[in-house]
Amino acid sequence: MRKLRSVLVGTALAGALAAGIAAAPAQAATASTASTASTASASQAQYTKHWFSGYSDFGRGESRGERSNYKGYWYYSNGRYYFDIEAWDHDRDRQNTYVDFSYHDNSGWHTRRFATGGHGEWKFNISARGGFDGFRTHIGEGNSRDFDWGNYYRHSF
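Residues numbered from 1 in each chain as written. Predicted model: local features only at pLDDT ≥ 70, side-chain atom pairs only at ≥ 80, totals over all residues. Heavy atoms only, no water.

Caption draft 1: The arrangement of the overall build of the protein in detail. Within the protein one finds 1 helix and 8 strands. Counting over 157 residues, the protein shows a buried share of 29%. Carbon and sulfur atoms make up 51% of the accessible area of the protein, which totals about 10,400 Å². (Helix = DSSP H or I, 4+ residues; strand = E, 2+ residues; numbered from the N terminus. Buried < 20%, exposed > 50% of the residue type's maximum accessible area, 1.4 Å probe, protein only. Areas by Shrake-Rupley, 256 points an atom, 1.4 Å probe, with all protein chains shown as cover.)

Put into structure tokens, the structure is as follows:
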């Protein structure tokens, strides 16, 4: 009986020790993950997102709820301006939605046109080195002859 008790106590002690050793790397890994997460959030917190949005105009027979819209943001980081624009075409009339993004630099105005038939998202960046000093966007919906263009959103730096 005494030997059995000693064996059980020894087994329990060995099990507790093994559990402690196994838990130590897990705790270290958790601390490392938390450290990595805080580093990642700190690197993301280095910039501030600036939001912009707009709606297309609406044509004859369309309601305001059938207009297309876009929403986007920009931020500056490491000498570049980063943009993320998302657009939705709500009326499902087989006409595309177009987002015109125009920017100005030392060489003048440059326009990029993005198109979608439903939902689209575009991410791109522009270097600040060429004198990038502003942009404007607007959205239209229709076919090649007739676009229901909305108002411009303008931003200067």
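Caption draft 2: Main features of the sheet that holds strand β1 (residues 50-55). The strand order across the open sheet built from 4 strands is β1-β2-β3-β6, with neighbouring strands paired in antiparallel fashion. Bordering the open sheet on either side are β1 and β6 (119-127), each of which pairs with just one other strand. Put simply, the sheet's adjacent strands are angled 15° from each other on average, direction ignored. Of the pairings in the sheet, the one linking strand β2 (residues 69-77) to strand β3 (residues 80-88) comprises 9 bridges and is antiparallel in character. Across the sheet, residue Gly 72 finds its bridge partner in β3, namely Ile 85. (Pairing = 2+ DSSP bridges. Axes fitted to C-alpha atoms, helices over the stretch in contact; angles between N-to-C directions.)

Caption draft 3: Up close: the confidence of the model for the protein. Of the residues in the protein, 66% have a pLDDT of 70 or more, and the chain-wide mean is 78. pLDDT under 50 marks residues 28-33. Its contacts with residues more than four places away, or in other chains, come to 0 contacts. Per-residue pLDDT stays below 50 along residues 36-42; that stretch engages in 0 contacts with residues further than four places along the chain or on separate chains. (pLDDT = per-residue confidence, 0-100. Contact = heavy atoms within 4.5 Å.)

Caption draft 4: Representation of the packing of aromatic side chains within the structure. Enumeration over the complete set of coordinates arrives at 23 aromatic pairs. Residues Trp 74 and Tyr 81 carry aromatic rings whose centres are separated by 5.9 Å and whose planes lie at 55° to one another, so their mutual orientation is tilted. Between Phe 135 and Tyr 153, the ring centres sit 6.0 Å apart and the planes meet at 40°, which makes this aromatic pair tilted. Note that Phe 135 is positioned in strand β7 (residues 134-142) and Tyr 153 in strand β8 (residues 153-156), a separation of 18 residues in sequence. Between the NZ or CZ atom of Arg 136 and the centre of the ring of Trp 109, over which it lies, the distance is 4.3 Å. (Phe/Tyr/Trp six-rings, centres within 6.5 Å; stacked < 30°, edge-to-face > 60°. Lys NZ or Arg CZ within 6 Å of the ring centre and 35° of its normal.)

Caption draft 5: View of the pattern of salt bridges. Tallied over the full model, the rule gives 2 salt bridges. For Lys 123, the salt bridge identified is with Asp 84, shortest N-O distance 3.8 Å. Linking Lys 123 in strand β6 with Asp 84 in strand β3, this pair joins segments that are 39 residues apart in sequence. Here Asp 100 and Arg 113 are joined by a salt bridge, their closest N and O atoms 2.7 Å apart. (Salt bridge = Lys/Arg side-chain N within 4 Å of Asp/Glu carboxyl O.)

Caption draft 6: Up close: the environment of Thr 137. Relative to the helices and strands, Thr 137 resides in strand β7. Taking C-alpha positions, Thr 137 is 9.0 Å from His 155, a pair spaced 18 residues apart along the chain. If we ignore the near neighbours within four places in the chain, the residues touching Thr 137 are Phe 52, Tyr 70, Asp 100, Phe 101, Asn 151, Tyr 152 and Tyr 153. Polar contacts involving the side chain of Thr 137 include one to the side chain of Tyr 70, which spans 2.7 Å. (Polar contact = N/O pair within 3.5 Å; in protein donor to acceptor, adjacent residues only side chain to side chain.)

Caption draft 7: Broad picture of the sheet that holds strand β4 (residues 96-105). On the basis of which strands lie adjacent, the open sheet formed by 4 strands has the order β5-β4-β7-β8 and antiparallel pairing. Because the sheet does not close on itself, it has two edges, and the strands there are β5 (108-116) and β8. The sheet shows a mean angle of 15° between the axes of neighbouring strands, taken without regard to direction. As judged from the 9 bridges shared by β4 and β7, these two strands associate in the antiparallel manner. From the neighbouring strand, Tyr 103 faces β7, where its bridge partner is Phe 135.

Caption draft 8: Local environment of the nonpolar core. Grouped together as the largest cluster of nonpolar side chains are 17 residues, with contacts concentrated most on Phe 83, Ile 85, Phe 101 and Phe 135. Elements with a contribution of two residues or more to this core: β2, β3, β4, β6 and β7. Once you skip the residues sitting within four places of it in the chain, Ile 85 turns out to touch Phe 52, Tyr 70, Lys 71, Gly 72, Val 99, Phe 101, Gly 120, Glu 121, Trp 122 and Phe 124. (Core = buried A, V, L, I, M, F, W, Y, C linked by side-chain atoms within 4.5 Å.)

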